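Structural characterization, general
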Amino acid sequence: MTAPAAPAATPDPPVLPAPAGTVLAGVRRARRRRTLIVTAILAALVLTLAWASLTWGGHTGAVLDYLATAFGAGSGDSSFLIGRLRLPRVVLAVLVGVAFGLAGALFQSVLGNPLASPDILGVSGGASLAAAFAIMALGLTGATVGLFAFGGAATVAAAIYLLAWRGGVTGFRFVLIGVGFAFAINSGIGYLLTRAEVADVRTALVWMVGSIGTPRWTDIAVLAVLVGALLPLVGLAARGLQALQLGDEMAGGLGVRVEPARLLVLVVGVGLAASATAFAGPVAFVAFVSAPIARRLLPSGGLALGAAALVGAVVVLGGEFAATHLIGSLEAPVGIVTGAVGAPYLLWLLATDDAGERSA
């Protein structure tokens, strides 16, 4: 007798791909986790730089005494050094960095161009020209100069928008007109510098480069109110901005009113840039570099508004720390440091093919 045949092997069941919903949920979880990690690291950098700025030179005890005094337990000996000199500069640097970082992210996203930032397009330059005119031609000082700066930025931005309008605004036309304004503004500033008194020129030069200086708490409070009032508008503008990134036709199909949404984004961006410039001058390249750095840190790119704000704070705080404590014995304006860092980045961006394609 022959042995019975062995039963045929049962083939393994085919491996089915995971449902699309499961894969998408996993991708979203990974992106959220990466976003939280990046945000936490940037926030930690802000706190670290702030602490280093306060305690540099062996003043840790002074900071602790100042904090204890705030709760009624310290000696109060450190109130001048920390509460009048160092802490106001740290707070102003954070507010200025947040404002410039958000402004740059809004400009670059709505115009679809990596070169579109308030300092490149002449918006910050308009503030400088107006402030220089107020100082050197009218002899004004104090908060009035800040009001002139705010008005100058808003005026230049409005002029660029009106000249770029052709039944709508395109990023390419807006950027070209803005660059033209920037050159014209530099000529106007140069003319004012040649006609003014030496003392006024020195004052205006420090202001035009961008400097945190020694701010008063009242000035910081005004800037905090301005930035705080604009933050809800940033969230409102971001809703339309996400649709605009899909293209005007797609955004219109989704029910977004394209031009009003674009105008809102630009108005909010100008408000942030003008507010920061009015209190610290046109700190160079902060608005320009913050958003690209933030998008490279995040997994999905996108708007990256929160990360751009934190990167801006890191850049200004780091520049202020270097300008105050690390550059020789003479304190330099923070705009010199940020300009030295931002200029090579601009050259690299212009030299890469990707930047050239996106700018066209």
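**Quick look at the confidence of the model for the chain**
This prediction gives the chain a mean pLDDT of 82; 86% of its residues lie at or above 70. Confidence, read as mean pLDDT per element, is least for helix α14 (residues 353-359) in the chain (45) and greatest for helix α12 (residues 305-326) (91). Confidence over residues 355-360 falls short of pLDDT 50; this stretch has 11 contacts with residues more than four positions distant or in other chains.

**Description of helix α11 (residues 286-297)**
Here α11 contains 12 residues, and its C-alpha end-to-end distance of 17 Å stays within 8% of the 16 Å for a straight helix at 1.5 Å per residue. Along α11, the residues classified as buried are Val 286, Ala 287, Phe 288, Val 289, Ser 290, Ala 291, Pro 292 and Ala 294.

**Quick notes on a nonpolar patch on the surface**
Taken together, the side chains of Ile 37, Ile 41 and Leu 45 define a hydrophobic patch exposed on the protein surface, amounting to about 260 Å² of accessible area. Turning to its location among the elements, Ile 37 is positioned in helix α1 (residues 20-55).

**Details of a positive patch on the surface**
The grouping of Arg 28, Arg 29, Arg 31, Arg 32 and Arg 33 at the surface amounts to a positive patch. Mapping Arg 28 onto the fold places it in helix α1. The exposure class assigned to Arg 28 is partly exposed, which follows from its relative accessible area of 48%.

**Details of the packing of helix α5 (residues 143-164) against helix α10 (residues 258-280)**
At a minimum axis separation of 9 Å, α5 and α10 run at an interaxial angle of 155°. With respect to α10, the element α5 is oriented roughly antiparallel. Considering how the two elements wind past one another, α5 and α10 form a crossing that is right-handed. Mapping the contact onto sequence places Gly 146, Ala 149, Phe 150, Ala 153, Ala 154, Ala 157 and Tyr 161 in α5 and Glu 259, Leu 263, Leu 266, Val 270, Gly 271, Ala 274, Ser 275 and Ala 278 in α10. A per-class count over the contact of α5 with α10 returns 11 nonpolar, three polar and one charged.

Rules and cut-offs
Residue numbers run consecutively from 1 along every chain, following the written order of its sequence. The predicted origin of the model limits local features to residues at a pLDDT of at least 70 and limits the giving and counting of side-chain atom pairs to 80 or more, whereas totals for whole chains, interfaces and linings rest on all residues. Each side-chain value is worked out from all heavy atoms of the structure, with water and hydrogens disregarded. Each residue carries a pLDDT value, the predictor's own confidence for that position, ranging from 0 to 100. Counting from the N terminus, the helices are DSSP H or I runs at least four residues long and the strands are E runs at least two residues long. Contacts are assigned to residue pairs that have any heavy atoms within 4.5 Å of one another. Here a helix's expected span is defined as the number of its residues, less one, multiplied by 1.5 Å. The rule is simple: take the accessible area with a 1.4 Å probe, protein chains only, and divide by the maximum for that residue type; under 20% is buried, over 50% is exposed, in between is partly exposed. Here the term patch refers to residues with relative accessible area over 30% and no salt bridge, with like charges joined within 9 Å and nonpolar side chains (Val, Leu, Ile, Met, Phe, Trp, Tyr) within 5 Å. Working definition of accessibility: Shrake-Rupley area with a 1.4 Å probe, residue cover restricted to the visible protein chains. Salt bridge, as used here, is a side-chain nitrogen of Lys or Arg placed within 4 Å of a carboxyl oxygen of Asp or Glu. Charge assignment in this entry is limited to Lys and Arg as positive and Asp and Glu as negative, and neither His nor the chain termini are counted. A charged residue contributes its charge at one atom only: NZ of Lys, CZ of Arg, CG of Asp or CD of Glu. Here an angle of 0 to 180 degrees is reported between the N-to-C directions of two axes, which are lines fitted to C-alpha atoms, with helices fitted over the stretch in contact. By the definition adopted for this analysis, an angle is roughly parallel if under 35 degrees, roughly antiparallel if over 145, roughly perpendicular if from 65 to 115, and oblique otherwise. The crossing is said to be left-handed when, going from far helix to near helix, the turn is anticlockwise and less than a right angle, and right-handed when the turn is clockwise. Any residue outside Ala, Val, Leu, Ile, Met, Phe, Trp, Tyr, Cys, Pro, Asp, Glu, Lys and Arg is labelled polar, Gly included; the first ten of those are nonpolar and the last four are charged.

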